[in-house]
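Close look at the chain arrangement
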Amino acid sequence: MTRRVAVVGAGSSGLACIKCCLDEGLEPVCFESSDDIGGLWRFKESPEADRASIYHSVIINTSKEMMCFSDYPIPAHFPNFMHNSLIMDYFRMYADHFQLTRHIRFNTRVLQVKQRSDFSRSGQWDVETENKDGKKEKHIFDAVMICIGHHCHPNLPLQDFPGIDTFQGKYFHSRDYKTPEEWRNKTAVVIGIGNSGGDIAVELSRVTKQVYLSTRRGAWILNRVSDNGFPLDLLKTKLMMIQRQILPFGFVCSLMERKLNCRFNHSLYNLKPKHRLFSQHPTVNDELPNRILSGTVQVKPNIRRFQGSSVEFDDGSVVEDVDLVVFATGYRFSFPFLASHVVSVSDNKAALYKYVFPPELDRPTLAIIGLVQPLGAIMPISEMQARWATRVFKGSIALPPVATMLKDMRNKQEAMAKRYVPSQRHTIQVDYVSYMDEMAELLGVRPGILKLLLTDPRLALNVLFGPVTPYQYRLRGPGKWDGARQAILTQWERVARPMQTRPCEEPKDKASCKWPVVLSAAVVGLAAYMNRNSLPDLLQDPTQLWARIRV
């Protein structure tokens, strides 16, 4: 009998879960509360309650080769960094190609997910849903995959800003920001220098009178465009990650900080934080330094208080007549349809083995997919988690004993606390390459470099020295894809393709007078040297020098 799996949410993680269930012979039923796929990446003019929301201009910070699903490359003509509308186009192509939409029940909200009375034996779940007409249904599933992300509930810490209740302008969370037009010639304050805060400050600065960007700690600013114009994340190789693990943490940070400061001096721009580069989730922004240099964005410290329409900062400076305050202060995550004893969430922390499985359930039939904040793309990570989870559901992979899982979780928490500055943003932080390799090892799909060197040297060199694209994890093991090798060998062609929009020939050498001039100067110099004893006379009458050269 086919095992039925409930998938909650049809964003990028939910789509990957449906696909992985089908690959493993499971029967997925996806419940999506809205009328479409896409989750976070689907732009809507008006934010919906308990759903992620983005602004119109959002462009993803990870390049297409690093963010695609591992067995479905993004088309070559798509730009390397895609607008949210193109990401939605890719999701639709993926869903159509693998016929995923037929397994989704749209406009259906999950009200409750709870263990059945015989859970310790069956591992089954009761799932209660409600459609847009208010009709409620109860279902029984053999497993559940939760894919609601961590950008649903805005964190709006108004209690940390005295006087906000007296503020005469308008304030809202960044999830409610859509476009800048209504703030033309106004004065705006953006609180928070994460990716959203930086983007919104830059965009507002094009139309407002002035933007003030308030940050408590500062930030290291990365550029999407790296050496030779290549996308930054494509330069992250397995060899580089091995070096990072060997070299001291402080030394690696110093090398990269020096490189970032070569682009612009973070101290000069009032952005340099007290923490090291790899101790915080970095901010990716191509334009912020230009806006600061032009004066349209001013970097300020934390806000001390609001008073009417004025804002006072910790350095004592005051800005009058502020019209808008945007709180780019992050998000909280929760699972309101789950009992707290199943997955407990406190201070944005959830106790999950490998960020996926609650460790103390009698049966491993509940998986949380996509609840990570990676230094890299989340789509391949969610897919890898889903591939692993579905194999666990089938019984093909067994989880280790509870004590082992708890120890692994403690080790991760200690490592995170040691490396990162305290922040609710850093409770689910993972490094893309190391986490993907860790999960691939559990799944049995991590590429074997030594074996590849012996059997396919060209591919091995691409895997070791090239970008860690998701296709590497389809070369072997469960879910092996025959197109993986070709996808790896042609990845740089897809990087270059969208930029090849006009013929660009190398300039041809033109006839030059450089060499005649050089030869003439050499002859004159030689003649001067040979007649150095009579040089004063020759300088008085240069025609004598010319006569001797002719002779």
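Residues numbered from 1 in each chain as written. Predicted model: local features only at pLDDT ≥ 70, side-chain atom pairs only at ≥ 80, totals over all residues. Heavy atoms only, no water.

**Considerations on the overall build of the protein chain**
For clarity, the cut-off: A run of H or I in DSSP counts as a helix once it spans at least four residues, and a run of E counts as a strand once it spans at least two, with each numbered from the N terminus. Under the scheme applied here, a residue whose accessible area is under 20% of the maximum for its type counts as buried, over 50% as exposed, and between as partly exposed, the area being computed with a 1.4 Å probe on protein chains only. Working rule for contacts: check all heavy atoms of both residues, and any pair within 4.5 Å makes them a contact. Note on areas: these come from Shrake-Rupley sampling with a 1.4 Å probe, and a residue is covered only by the protein chains present in the view.
Tallying secondary structure elements over the protein chain gives 18 helices and 24 strands in all. The C-alpha extent of the protein chain, read off along each of the three principal axes, is 115 × 70 × 45 Å. Expressed as a percentage of its 551 residues, the buried residues of the protein chain come to 51%. A separation of at least 24 residues holds for 68% of the contacts in the protein chain among residues at least 6 apart in sequence. In the structure as shown, the protein chain presents an accessible area of about 27,000 Å², 52% of it carried by carbon and sulfur atoms.

**A few points about empty space enclosed by the protein**
Selection rule: With a 1 Å grid laid over protein atoms only, a set of points is called a cavity when a 1.4 Å probe fits there but cannot get out and a pocket when it is open yet has protein on both sides within 12 Å along at least five of seven lines; lining residues have an atom within 4 Å of a point. Grid points are joined across faces, edges and corners, and a volume is the space filled by probe spheres set on the points. In this classification, Asp, Glu, Lys and Arg are treated as charged, Ala, Val, Leu, Ile, Met, Phe, Trp, Tyr, Cys and Pro as nonpolar, and every other residue, Gly included, as polar.
Evaluated as defined, the whole model comprises two cavities of 30 Å³ or more. The volume enclosed by the largest cavity comes to roughly 70 Å³. Looking at the largest cavity, the residues that line it are Gly 39, Arg 42, Lys 44, Ser 46, Pro 47, Glu 48, Arg 51, Ala 52, Ser 53 and Lys 178. A per-class count over the lining of the largest cavity returns two nonpolar, three polar and five charged. Space inside the second largest cavity adds up to approximately 30 Å³. Contributing to the lining of the second largest cavity are Met 66, Asp 233, Lys 236, Leu 375, Gly 376, Ala 377 and Tyr 432. In terms of residue class, the lining of the second largest cavity is made up of four nonpolar, one polar and two charged.

**Points about the sheet that holds strand β22 (residues 366-368)**
Inclusion rule: Should DSSP find at least two bridges between two strands, the strands are regarded as paired. With axes taken as lines fitted to C-alpha atoms, and helix axes fitted only over the stretch in contact, angles between N-to-C directions fall between 0 and 180 degrees.
Here five strands make up an open sheet; going across it, the order is β3-β2-β1-β7-β22 and the pairing parallel. Each edge of the sheet is formed by a strand with only one pairing partner; in this case those strands are β3 (104-105) and β22. Where strand β7 (residues 143-146) meets β22, three bridges bridge the pair, whose relative direction is parallel. Across the sheet, the residue bridging to Val 144 is Leu 366, located in β22. In the packing of helix α1 (residues 12-23) onto the sheet, contacts are made with β1 (4-8), β2 (27-31), β3 and β7, and the angle to β2 comes to roughly 165°. Across the sheet, helix α9 (residues 379-394) touches β1, β7 and β22, and the angle it forms with β7 is around 170°.

**Concerning a nonpolar patch on the surface**
The criterion, for reference: Residues forming no salt bridge and having over 30% relative accessible area are the ones grouped into patches, like charges within 9 Å of each other and nonpolar side chains (Val, Leu, Ile, Met, Phe, Trp, Tyr) within 5 Å. Should a side-chain nitrogen of Lys or Arg be within 4 Å of a carboxyl oxygen of Asp or Glu, the pair is scored as a salt bridge.
A surface patch of nonpolar side chains, about 530 Å² in accessible area, is lined by Ile 242, Ile 246, Leu 247, Phe 251, Leu 255 and Met 256. Those elements giving two or more residues to the nonpolar patch turn out to be α6 (238-246) and α7 (249-263). Per-element tally for the nonpolar patch: the top contributor is α7, with three residues. By the secondary structure assignment, Ile 246 is in helix α6.

**Some remarks on the layout of surface pockets**
Its volume calculated, the second largest pocket comes out at about 620 Å³. In this structure, the second largest pocket is lined by 20 residues; those nearest its centre are Ala 415, Arg 419, Tyr 420, Asp 431 and Ser 434. Residue assignment for the lining of the second largest pocket shows that the elements contributing at least two residues are α6, α7, α10 (402-419), β24 (429-431) and α11 (432-443). Ranked by residues supplied to the lining of the second largest pocket, first place goes to α10 with five residues. Here the lining of the second largest pocket is built from residues that sort into eleven nonpolar, three polar and six charged.

**Structural notes on the nonpolar core**
We count it as follows: In these notes, a set of buried Ala, Val, Leu, Ile, Met, Phe, Trp, Tyr and Cys residues joined through side-chain atoms within 4.5 Å is what counts as a nonpolar core.
Ranked by internal contacts, the top residues of the largest apolar core, which has 109 residues, are Phe 91, Met 145, Leu 204 and Phe 357. Residue contributions to this core peak at eight residues, all from α9. When neighbours within four sequence positions are excluded, Met 145 is seen to be in contact with Val 5, Ala 6, Val 7, Val 8, Cys 17, Cys 21, Ala 367, Ile 369, Ala 386, Ala 389, Thr 390 and Phe 393. Within the second largest apolar cluster, 24 residues are counted, among which are Phe 337, Leu 361, Leu 366 and Ile 368.

**A closer look at the pattern of salt bridges**
Per the counting criterion, the structure on display carries 33 salt bridges. Between Arg 474 and Asp 71 there is a salt bridge, with its nearest N and O atoms 3.7 Å apart. With Arg 474 in the loop between α13 (457-465) and α14 (484-489) and Asp 71 in the loop between α2 (64-67) and α3 (84-97), this pair connects stretches of sequence that are 403 residues apart. Because the salt bridges share partners, they merge into one network encompassing Lys 19, Asp 23, Asp 71, Glu 383 and Arg 474.

**What to know about the sheet that holds strand β5 (residues 125-131)**
Within the open sheet, the three strands sit side by side as β4-β5-β6. Their pairing is antiparallel. This sheet does not close on itself; its edge strands, each paired only once, are β4 (108-115) and β6 (136-141). Strand-to-strand, the axes of this sheet are offset by a mean angle of 25°, without reference to chain direction.

**Section: the packing of aromatic side chains**
Heads up, the condition is: Working definition: rings of Phe, Tyr and Trp (its six-membered ring) pair if their centres are within 6.5 Å, and the pair is stacked with planes under 30 degrees apart, edge-to-face with planes over 60 apart, and tilted otherwise.
Applying the stated criterion to the full structure yields 22 aromatic pairs. Between Tyr 72 and Tyr 94, the ring centres sit 5.9 Å apart and the planes meet at 65°, which makes this aromatic pair edge-to-face. Taken together, the residues Tyr 72 in the loop between α2 and α3 and Tyr 94 in helix α3 connect sequence positions 22 residues apart. When its relative accessible area of 14% is taken as the criterion, Tyr 72 is described as buried. A relative accessible area of 0% places Tyr 94 in the buried class. Look at Tyr 94 and Phe 98: their rings are 5.2 Å apart centre to centre, the planes differ by 65°, and that puts the pair in the edge-to-face class.

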